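Inside the fold
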Amino acid sequence: MHFNDDEIAFLDIHIASSVEKLSLESNQCIKVVLLCGSGIGTSQLLKNKLINLYPEFEIVDAYSVYQINEKELKGNGIDYIISTVPVNVENLSVIQVDPFLNKSSRIKLNNVINFSREKRFNQNYKNSYELKDLLPAHRINKVTKIMNKDEAIDISVQSLIEDGIVSPKYSCEIKKQLDIFGPYMVISPHIALIHASNKYVIEGAGFAITFFKNGIIFNHELNDPVYLVITIATINPYYHLNGLIQLSELLTDSENREIFLKGNINRIKNLVANSIKKEV
């Protein structure tokens, strides 16, 4: 089986988009309150400017300097106070800005947003498993029996059920999604990436790979039959990102992809076990 550059790029885009889609499931807002001297007009002016310029901020409320309650703010998970007046709050960072958000003020806010993004990025990838941890050798298998699509999905999910990562209903959810939306999980010629929401994920994250010698018909107009079914499950949208990137690197290399699509199980296990951690 041979793939041209367009087909390789198509596969890469689909896997990369899965990473992006799942990463967006997490709340990325920075919770702030606004503080001014006493004028309501000043805080409203600042609020309108922040909404237009900084969608990353979730503006919880606006106060005058005489109304502030430090304990209440901390209890509500406030990240920062953005203030137009000098104020000292013991347990929260205060960013003093001009009501019109001049250049100096914008630099301060840009630094806050960049810091928050970097912190979130590092936290997410710190907890992200590598491919060899997500895809142990016993979850890489070959099936020689002729099967229909539903039987193939059940077999592909089975090892994740046995390892306590998902419940049996995970298979049902995948079938339901395919019945509703069609064969969108067939992401490239002969490759399906099957998954469902975390509703039926019990713990952690895990992958499984099943090679079907006789192919499976998913009713995809261009990419049937499917020989390689990759099953992914994660209880947290970040746990599997590193592993998915590593798997994408393997599948978009033409020589490695041939190994996967020929069902050479021992060589697939070796590729996964020796996959290189990517710096992100």
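See above for the structure.
Attention here is on the structure that accompanies the text. (Residues numbered from 1 in each chain as written. Predicted model: local features only at pLDDT ≥ 70, side-chain atom pairs only at ≥ 80, totals over all residues. Heavy atoms only, no water.)

Side note on the sheet that holds strand β7 (residues 191-194)
If you trace the five strands from one edge of the open sheet to the other, you get β5-β8-β9-β7-β6, paired in mixed fashion. Two strands close off the open sheet at either side, each with one partner strand: β5 (140-143) and β6 (186-188). Pairs of neighbouring strands in the sheet enclose a mean axial angle of 25°, with direction left out of account. Where β7 meets strand β9 (residues 226-234), four bridges bridge the pair, whose relative direction is parallel. When the bridges of β9 are listed, Leu-193 appears paired with Ile-230. (Pairing = 2+ DSSP bridges. Helix = DSSP H or I, 4+ residues; strand = E, 2+ residues; numbered from the N terminus. Axes fitted to C-alpha atoms, helices over the stretch in contact; angles between N-to-C directions.)

Examining the sheet that holds strand β3 (residues 80-83)
Strand order in the open sheet formed by four strands is β2-β1-β3-β4, and the pairing between neighbours is parallel. Two strands close off the open sheet at either side, each with one partner strand: β2 (57-64) and β4 (93-96). Within the sheet, the average angular offset between the axes of one strand and its neighbour, ignoring direction, is 25°. In this structure, strand β1 (residues 30-36) lies alongside β2, joined through seven bridges in parallel fashion. Pairing of Leu-35 across the sheet is with Tyr-63, part of β2.

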